[in-house]
Amino acid sequence: MEFTAAHQAAGFRDAVRRQPGMNSSFDPHPLLPFDPTDLDRGRDPEGGAHGAFATLCAGGGTLLRDGEPLVAPIVQSTSFARDGLESTAQHRYSRESNPTVAALEAVLGRLERAPDALAFATGLAAETALLLAVAKAGDHVVCSRAVYGGTSRLLRQVLVEFGVSATFVDTTDAGAVARALRPRTKLVLVETPANPTLVLSDIRAIAAHVRRSDALLAVDNTFLTPVLQQPLELGAHVSILSTTKFVEGHSVALGGALVTRDEALRERLFFLRKCTGAIQSPFQAWLTLQGLRTLPVRIERQSAHARRIARWLAGQAEVRVVHHPSLPTFPQSALAASQHLGEHGAVVSFELDGGPERARRLLRAVKLCRVAEHVGSVETLLTHSASMTHAAVPREEREAVGITDALVRLSVGLEDPRDVIDDLDAAIQISGGAPAHEEAKRCSAI
Ligand SMILES: Cc1ncc(COP(=O)(O)O)c(C=O)c1O
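Here the residue numbers are simple positions, counted from 1 along each chain's written sequence. Predicted model: local features are reported for residues with pLDDT of at least 70 only, side-chain atom pairs are reported and counted for 80 or more only, and whole-chain, interface and lining totals are derived from all residues.

### A closer look at the overall build of the protein chain
Then, number 1: Runs of H or I in DSSP of at least four residues are treated as helices and runs of E of at least two as strands, each being numbered from the N terminus. Regarding its fold elements, the protein chain presents 16 helices and 12 strands.
Then, number 2: Within the protein chain, the fraction of its 446 residues that count as buried is 50%.
Then, number 3: By the convention adopted here, residues make contact when the C-beta atoms placed from their backbones lie within 7 Å. Sequence separation of 24 or more characterises 73% of the internal contacts of the protein chain that already satisfy a separation of 6 or more. Any residue whose C-beta has 12 or fewer other C-beta atoms within 10 Å is treated as exposed, any with 20 or more as buried, and any in between as partly exposed, C-beta atoms being built from the backbone.

Below is the structure:
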């Protein structure tokens, strides 16, 4: 039989249909004979990386059939052919669902022992869909006071226009969450660790209160990802991820995801995503899938670097305060140990003596560390939270949660931590008024 273009196309369609996470319900992809999400397996003491997740992220978790591509292809098609009006095809139009997006969703769901996640164009698109799904005019949301500025802005400046009110509470105190619940509270949105102060909220304790009400508990797990924290296992109803950060990890793709074991909520979210057109594009989903393959190794290594750099910062005379859950001075060490899976993430924040002006000079003086409004990538990044990520949060609210104008956020990457320390060391000296020729010498050395 002659091999024609039509056969080739049919073969491709078949291959796509059988990609991990792209299989139709009629042709399930066989799973590996072990569960890569078995949390009880824990860390491999000899291998380092979290064994429970590394296999799944690396592309495993399903058995490949003869001739299947190792890497799921990008299906950059807006629409899918149908066998007449009776078609039961899984994908119809890419605003509703798409095979590449579905491949990402399958892995993100399995990482939390949940049905497939729902992927969105950005983290904020995911949060918007969640809010639209659970709240209508007259309803109420409880949100962490220490929360990403964009989340705060969405509630304070957008949802309020639609009659949804929000109370910002100190969720490090589970009792404060319980006291803030009202009969029409539909969602409790907690960010832990909080951006950028890294204070922790006790997910188990908050879930115990929320589950006695009609509200749902959603946890923004962007900073730790399912590799280091499992919100659904701890009692939350929904995990929120800005996949733009650690999940993708290379500063090349925006994205967000919601993971839930509540099928009715998942269906409602799927419907809202279709209605509002908030789905992630196939290319962004494909890039995110590539990043996900190395997530466990990256986040563990970056967290270890962060531990080392936080320790070094804490020992510097001119550093006034350092926040990282690994430090012995961290006030919530016991909670960190019980809630996190081994490491505590790669974000550190600190203040130098000399206030906001010193922070400004530090950001000008760094050379290897880059100043950017971003976290979670392989390169080390510095952010001035008060004027960048949290500029939309009213000053008094910012200061109440410790986001002073002097606070600097450090997202530690994969560089040799000794190089990052050298860069910070020199920049701290220069920002403290080191002579100009010191800076000139340094510029020529880098
Ligand atoms: C903790 C946290 N949640 C959500 C978001 C929003 O994600 P995105 O930028 O993908 O919309 C961010 C962005 O910085 C974040 O840091």
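Next comes the rest of the description.
### Remarks on the site of the ligand
Then, number 1: Around the ligand, 13 residues are found, and the nearest of them are Thr122, Gly123, Leu124, Ser242 and Thr244.
Then, number 2: In the scheme used here, Gly and all other residues not listed as nonpolar or charged are polar, with Ala, Val, Leu, Ile, Met, Phe, Trp, Tyr, Cys and Pro taken as nonpolar and Asp, Glu, Lys and Arg as charged. Taken together, the residues of the shell around the ligand sort by class into three nonpolar, eight polar and two charged. Using a C-beta atom placed from the backbone for every residue, we mark a residue as near a molecule or strand if that atom lies within 6 Å of it.

### As for the confidence of the model for the protein chain
Then, number 1: Note: pLDDT gives the predictor's confidence per residue, expressed from 0 to 100. Overall, the prediction assigns the protein chain a mean pLDDT of 88, with 85% of residues at 70 or greater.
Then, number 2: Across residues 1–28, where pLDDT falls below 50, the model places 36 contacts with residues more than four positions away in sequence or in other chains.

### Here's the deal with the sheet that holds strand E3 (residues 165–169)
Then, number 1: Strand pairing requires that DSSP identify at least two bridges connecting the strands. Reading across from one edge, E1-E7-E6-E5-E4-E2-E3 is the order of the seven strands in this open sheet, with mixed pairing throughout. In the strand order of this sheet, the two ends are held by strand E1 (118–120) and E3, each with one partner. Across this sheet, the average inter-strand angle for adjacent strands is 20 degrees, counted without regard to direction.
Then, number 2: Alignment of strand E4 (residues 185–191) against strand E5 (residues 216–220), held across five bridges, turns out to be parallel. Where helices are involved, their axes are fitted lines through C-alpha atoms of the stretch in contact, as for all axes, and angles between N-to-C directions lie from 0 to 180°.

### Notes on the packing of helix H4 (residues 123–134) against helix H5 (residues 149–158)
Then, number 1: Their axes nearest at 11 Å, the elements H4 and H5 cross at an angle of 35 degrees. When the axes of H4 and H5 are compared, the crossing they make is right-handed. On the side of H4, the interface is formed by Leu124, Glu127 and Thr128, while H5 contributes Gly150, Thr151 and Leu154. With the far helix as reference, a near helix turned anticlockwise by less than a right angle produces a left-handed crossing, and one turned clockwise produces a right-handed crossing.

### Overview of the nonpolar core
Then, number 1: Joined through C-beta atoms within 7 Å, a set of buried Ala, Val, Leu, Ile, Met, Phe, Trp, Tyr and Cys residues constitutes a nonpolar core. Leu130 and Leu258 are the most contacted members of the largest nonpolar core, which has 117 residues in total.
Then, number 2: Broken down by element, the residue count for this core peaks at eight residues, all from H4.
Then, number 3: If we skip the residues at most four places from it in the chain, Leu258 touches Ala117, Leu118, Ala126, Ala129, Leu130, Val238, Ile240 and Leu269.

### What about the sheet that holds strand E10 (residues 370–371)?
Then, number 1: The mixed open sheet is built from five strands, whose spatial order is E8-E9-E12-E11-E10. Unpaired on one side and paired on the other, strand E8 (319–323) and E10 mark the two borders of the sheet.
Then, number 2: Note that E10 and strand E11 (residues 381–383) share two bridges and pair parallel. Counterpart to Val371 in the pairing with E11 is Leu382.

### Here we look at the pairing of strand E12 (residues 407–411)
Then, number 1: Among the five residues that make up E12, five are buried, leaving the element largely enclosed by the rest of the structure.
Then, number 2: Burial along E12 is two-sided: Leu407, Arg409 and Ser411 and Val408 and Leu410, pointing in opposite directions, are all buried.
Then, number 3: Sheet topology places strand E9 (residues 347–352) next to E12; five bridges connect them, and they run antiparallel. Directly across from Ser349, in E12, lies its bridge partner Arg409.

### Focus: the pairing of strand E2 (residues 140–144)
Then, number 1: Within E2, four of the five residues are buried, leaving the element largely enclosed by the surrounding structure.
Then, number 2: Here five bridges tie E2 to E3, and the two strands are oriented parallel to one another. Bridging from a neighbouring strand, Val142 pairs with Thr167 of E3.
Then, number 3: With H5 bridging E2 and the parallel E3, this β-α-β connection has right-handed handedness. Orient the strands so they point away from the viewer, and a crossover whose first-strand-to-second-strand path over the helix runs clockwise is right-handed.

### Observations regarding the packing of H4 against helix H9 (residues 263–276)
Then, number 1: Packing of H4 against H9 leaves a shortest axis separation of 9 Å and a crossing angle of 115 degrees. Relative to H9, the crossing made by H4 is right-handed. Where H4 approaches H9, its residues Ala129, Leu130, Leu132 and Ala133 are matched on the opposing element by Leu265, Arg268, Leu269, Leu272, Arg273 and Thr276.
Then, number 2: Of the residues in the contact of H4 with H9, the class split is seven nonpolar, one polar and two charged.

### Some details on helix H11 (residues 295–314)
Then, number 1: A helix's residues, less one, multiplied by 1.5 Å, set its expected span. In this model, H11 (20 residues) spans 28 Å end to end at C-alpha, consistent with the 28 Å of a helix rising 1.5 Å per residue.
Then, number 2: H11 sits mainly inside the fold: 14 of its 20 residues count as buried.

### Some points on helix H10 (residues 282–292)
Then, number 1: In terms of residue burial, H10 counts as a mostly covered element, since nine of its 11 residues are buried.
Then, number 2: Of the residues making up H10, those classed as buried are Pro282, Gln284, Ala285, Trp286, Leu287, Thr288, Leu289, Gly291 and Leu292.

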